[in-house]
Amino acid sequence: MEIQGKVIQVLAPASGTSKNGNSWKKQEYVIETHDQYPRKVMFNLFGDKADQYKAEVGQEVIVSFDLESREFNGRWYTDVRAWKMEAAPLDAYGNPVAAAPAAPAAPAAPVTPPAVPQFPDAAPEPNPTDDLPF
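Quantities reported herein were computed from a predicted structural model and do not represent experimental measurements.

## Some thoughts on the overall build of the chain
- Helices and strands together make up the secondary structure of the chain, namely one helix and six strands.
- Going from the N terminus to the C terminus, the chain shows its helices and strands as β-β-β-β-α-β-β.
- The burial tally for the chain puts 22% of its 134 residues in the buried class.
- Of the roughly 10,800 Å² of accessible surface on the chain, 56% is carried by carbon and sulfur atoms.

## Some words on the confidence of the model for the chain
- Of all residues in the chain, 73% attain a pLDDT of 70 or more, and the chain-wide mean is 84.
- Between the elements of the chain, mean pLDDT differs from a low of 91, seen in helix α1 (residues 48-52), to a high of 96, seen in strand β4 (residues 40-46).

## Quick look at the nonpolar core
- Counting residues in hydrophobic clusters, the biggest one holds 16 residues, and the most contacted among them are Y29, I31, F43, L45, V61, V63 and M85.
- When residues of this core are traced back to their parent elements, those giving at least two are β1 (2-10), β3 (23-32), β4, β5 (60-72) and β6 (75-87).
- Those residues in contact with F43, other than ones at most four positions away along the chain, are Q27, E28, Y29, I31, V63, V80, A82 and M85.

## Observations regarding the side chain of E60
- Structurally, the position occupied by E60 is in strand β5.
- Lacking a salt bridge, the buried E60 has K6 as its closest oppositely charged neighbour, with an N-O distance of 6.0 Å.
- A distance of 2.7 Å separates a polar atom in the side chain of E60 from a polar atom in the side chain of H34.
- For E60, the contacting residues outside a window of four places in its chain are Q4, G5, K6, H34, E86, A87, A88, L90 and P96.

## Points about the packing of aromatic side chains
- Here the structure, examined in full by the defined rule, presents two aromatic pairs.
- Relative to F46, the ring of W24 has its centre 6.0 Å away and its plane inclined at 10°; by these criteria the two rings are stacked. Residue W24 is located in strand β3, and its partner F46 is located in strand β4; the two are separated by 22 residues in the primary sequence.
- W24 gets classed as partly exposed once you look at its relative accessible area, which sits at 30%.

## Comments concerning the environment of A14
- Considering the arrangement of structural elements, one finds A14 in strand β2 (residues 14-17).
- A sequence separation of 32 residues divides A14 from F46, and the C-alpha atoms of the two residues are 9.6 Å apart.
- Not counting residues up to four positions away in its chain, the partners in contact with A14 are W24, K25 and K26.

## Side note on the layout of surface pockets
- The space that makes up the largest pocket amounts to roughly 160 Å³.
- Per-element accounting of the lining of the largest pocket gives the leading share, three residues, to β1.
- For the lining of the largest pocket, the residue count by class is four nonpolar, three polar and three charged.

The rules behind these values
- Residues numbered from 1 in each chain as written.
- Predicted model: local features only at pLDDT ≥ 70, side-chain atom pairs only at ≥ 80, totals over all residues.
- Heavy atoms only, no water.
- Helix = DSSP H or I, 4+ residues; strand = E, 2+ residues; numbered from the N terminus.
- Buried < 20%, exposed > 50% of the residue type's maximum accessible area, 1.4 Å probe, protein only.
- Areas by Shrake-Rupley, 256 points an atom, 1.4 Å probe, with all protein chains shown as cover.
- pLDDT = per-residue confidence, 0-100.
- Core = buried A, V, L, I, M, F, W, Y, C linked by side-chain atoms within 4.5 Å.
- Contact = heavy atoms within 4.5 Å.
- Lys, Arg positive; Asp, Glu negative; His and termini not counted.
- Salt bridge = Lys/Arg side-chain N within 4 Å of Asp/Glu carboxyl O.
- Polar contact = N/O pair within 3.5 Å; in protein donor to acceptor, adjacent residues only side chain to side chain.
- Phe/Tyr/Trp six-rings, centres within 6.5 Å; stacked < 30°, edge-to-face > 60°.
- 1 Å grid on protein atoms, 1.4 Å probe; cavity = no way out; pocket = protein on both sides within 12 Å on 5 of 7 lines; lining within 4 Å.
- Points joined across faces, edges and corners; volume = space filled by probe spheres on them.
- Nonpolar A, V, L, I, M, F, W, Y, C, P; charged D, E, K, R; others polar.

Right under this line is the structure:
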């Protein structure tokens, strides 16, 4: 999935060591979308991606992410785990350029139904095995 917005907050990086002894790090960001009703979305970059992709408050970004939920002590938690973040294109005035919609598919050739003979005065042929009056 993908979302575009302006970075409104960069949270403090987190790091630690897992139970297996592996070190980890995580960087979290909050962006605000430019929809009719703007939404705030917090996402995180985990591991090497936390160092690979950096953003600052006020920067316009496009974030590619996956949603992941997990259960802990009977409660469910959902992560917005980003796997790519890039600067969004801006117009000449510094305003974000919305992603171009996909080009519409070429129109299909019109389908013409088979010709049906038109005989308005013709009555249906009676069926000798059909004894229904209608």
